[in-house]
Every structure is written in structure tokens, then in C-alpha cells.
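# Results of the structural survey
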Amino acid sequence: VAEGEGPSSKQALQNLLNRYIPALRTHLIFNLEVDPGEADDMLQGFITDKIVDGDLVSRADKARGRFRAFIKTALRNYVAGVFRRRNAKKRSPEDANVLSLDHEEGRVPEGQRPIPDRFDVEWGREVVAEALRRMRADCESAGREDIWGVFSYRVLKPVLENADPVPYKELVDDFDFRSPSQASNVLVTAKRKFKRLLRGVIKEYAGEEANVESEIDDLKDIFANTNAGGLGELRTDIRKEDKDA
């Protein structure tokens, strides 16, 4: 998908959905209560029926800015239709799977803090993971392993592996920096690069810049309300660095 555009073709939309298969599969199993053994076939059916043979592409274009919610709803409706057809054949409306689809998602008992939807958490994980893949590839192709290395040792490993940040004086030796200050400046560059690539990943499905900002705020809230493998701290840390730089 070209920068600044939403999903505008069957192939582009399929590529996007393939990237977020873990989030879609999580939604099927934990929210829609589809048997794990059936989840992959259900996903393949959704992609085939709604993208290859259906009109999801045109509807998705109109949903730019709320694409994540649109896809979640589309998958839910597809699964509901599958279960309805099965029940019509079995003549057994009491089927538990159908009843589970009637449960209201996101209901929170009074006085309790909302728990992020597993789908949204997994979607956010894939967004960040894709940005990290692009960042590493970009650094390696440009011969700037120092940018990726400093980012990894000072940000990723502490956040994702609970490791201590490697002291700047050690990074001087590892990457032939002139001084710890140069290593610190490279980290600022790395965080800016990551933020730019993260926005690019989000823009591929969110479209306009205002939608990107809204999605970043949504993902920040999702990560703030869950451990999410430390990704909440990663987003907060990067945003703080941008303000301080």
C-alpha cells in the first residue's frame, strides 16, 4: 500500500489481514469462542468469502480511520453467519457457539477498570513488531547497525526482556563511538526512526494523518491498561524521548 493510502485493493487488504492473523485468531478463540482447531479454517473462509469473492474491499475503503474496529466487526458478523447456517441445518438453536456471539463484548462490572480486548492487544503487538522488523532491515541495509544496536541494548532488551540497559561507555567500545554522548545522540536518532516507521505501519490501515494520531492514542491506552509484554513502557518511553529531544 502506498504511503498515505488505506487498503484500496483485494491484494493490499489481504496482505494487511495476513499481517494481523494473530490478532484475528485471538479474537476468534477468546472473544467469539471458536474452537482453536477450527480457527485457521474460519480465518481462511473469512478471507476467501469476504475478500476474494465478497465486497469487503469497497466497504473497508469507506472505513478508513476505524479499520481495526471495522475488521473486528466484519469477522464477528462472518462467524455469526457461519453458525446460523450450521444451526439451520442442525435445527438446534440452542447451540452454545451462537449464544456466545450474542454476549455483549466489552461490558465491565461497575467499579472495575476496563480490560483491553485481546484482539486490540494482539493487533498492537503486530503493529509494533512490524515497525521493529522494518527498522532493523532499514538499519542493516544502510550499514547503520549502530542505530539498531543502541536501540536494542538501551530500549528493547530492557523493556521486552527486563534486562538492564547497557551503559553508554560499553556501547562506545561495541560500536566505535567517539564518546558516550555520541552513543546517546544515536539513541535519540533511533527512537525517532522507530516512531516514524511505527506511524508508517499505522498509516497503511488508518489512512489520513488525523486517523493515525487517533490510532496511536488508542494503542497507547491499550498498552497502558495491560502488560502487553512491556510494549506500553516502550511507547511511553519513545514519546517522552521525542518531547525531550
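Here the structure is a predicted model, which is why all the values come from computation and not from measurement. (Residues numbered from 1 in each chain as written. Predicted model: local features only at pLDDT ≥ 70, side-chain atom pairs only at ≥ 80, totals over all residues. Heavy atoms only, no water.)

### Side note on the overall build of the protein chain
The secondary structure content of the protein chain amounts to 12 helices and 0 strands. Along the chain direction, N to C, the helices and strands of the protein chain fall in the order α-α-α-α-α-α-α-α-α-α-α-α. Looking at the protein chain as a whole, 44% of its 245 residues are labelled buried. A separation of at least 24 residues holds for 69% of the contacts in the protein chain among residues at least 6 apart in sequence. For the protein chain, the accessible area works out to roughly 13200 Å², and carbon and sulfur atoms hold 45% of it. (Helix = DSSP H or I, 4+ residues; strand = E, 2+ residues; numbered from the N terminus. Buried < 20%, exposed > 50% of the residue type's maximum accessible area, 1.4 Å probe, protein only. Contact = heavy atoms within 4.5 Å. Areas by Shrake-Rupley, 256 points an atom, 1.4 Å probe, with all protein chains shown as cover.)

### Some thoughts on the side chain of D146
Topologically, D146 is positioned in helix α8 (residues 145-161). Residue D146 is classed as buried on the basis of its relative accessible area, which comes to 13%. Sequence-distant contacts of D146, defined by excluding residues within four places in its chain, comprise F175, F177 and V186.

### A word on the pattern of salt bridges
A full pass over the atoms with the stated rule returns 19 salt bridges. Across the salt bridge formed by R68 and D120, the nearest N and O atoms sit 2.8 Å from each other. Here the residue R68 occupies a position in helix α5 (residues 67-90), and D120 occupies one in helix α7 (residues 118-141), the gap between them amounting to 52 residues. There is no split in this pair, since R68 and D120 are both buried. Ionic contacts of the salt-bridge type, sharing partners, join the residues R68, K72, D117, D120, E215 and D218 into one network. (Salt bridge = Lys/Arg side-chain N within 4 Å of Asp/Glu carboxyl O.)

### Observations concerning helix α11 (residues 209-224)
Residues that lie three or four places apart on an α-helix share one face, since the helix turns once every 3.6 residues. Compared with an ideal rise of 1.5 Å per residue, which puts 16 residues at 22 Å, α11 spans 23 Å between its outermost C-alpha atoms and is within 8% of the ideal. Those residues of α11 that sit buried are N211, V212, E215, I216, L219, I222 and F223. Buried positions in α11, seen along its axis, are confined to an arc of 140° and lie on one side of it. Facing away from the buried side of α11 by over 90 degrees, the exposed positions are A210 and A224. (Expected span 1.5 Å × (residues − 1). Arc of directions from axis to C-beta.)

### Details of helix α2 (residues 21-31)
For α2, the full list of buried residues reads A23, L24, T26, H27, L28, I29 and N31. Of the residues one or two after α2, E33 is the one with positive phi, at around 60°.

### Brief notes about a negative patch on the surface
Taken together, E170, D173, D174 and D176 make up a surface patch of like negative charges. Locating E170 in the fold gives a position in helix α9 (residues 168-175). (Patch = residues over 30% accessible without salt bridge, like charges linked within 9 Å, V, L, I, M, F, W, Y side chains within 5 Å. Lys, Arg positive; Asp, Glu negative; His and termini not counted. Charge placed at Lys NZ, Arg CZ, Asp CG, Glu CD.)

### Some remarks on the side chain of E215
Along the chain, E215 turns up in helix α11. Relative accessible area serves as the criterion here: at 6%, E215 is assigned to the buried category. With residues near it in sequence (within four places) discarded, E215 still touches R68, W123, I202 and Y205.

### Considerations on the confidence of the model for the protein chain
Predicted coordinates in regions of low pLDDT should not be interpreted in detail. In the predicted model, the protein chain carries a mean pLDDT of 81, and the fraction of residues at 70 or more is 76%. Long-range and interchain partners of residues 93-114, a stretch whose pLDDT sits below 50, account for 26 contacts in this model, where long-range means more than four residues apart. In the predicted structure, residues 240-245 sits below a pLDDT of 50 and forms 6 contacts with residues beyond four places in sequence or in another chain. (pLDDT = per-residue confidence, 0-100.)

### Some points on the packing of aromatic side chains
Per the counting criterion, the structure on display carries 11 aromatic pairs. Through a chain of ring-to-ring contacts, three or more aromatic side chains come together here, namely Y20, F67, F119, W123 and Y205. Cation over ring: R118 sits above F30, and NZ or CZ is 3.9 Å from the ring centre. In this structure, R154 packs its charged tip against the face of Y168, placed 4.0 Å from the ring centre. (Phe/Tyr/Trp six-rings, centres within 6.5 Å; stacked < 30°, edge-to-face > 60°. Lys NZ or Arg CZ within 6 Å of the ring centre and 35° of its normal.)

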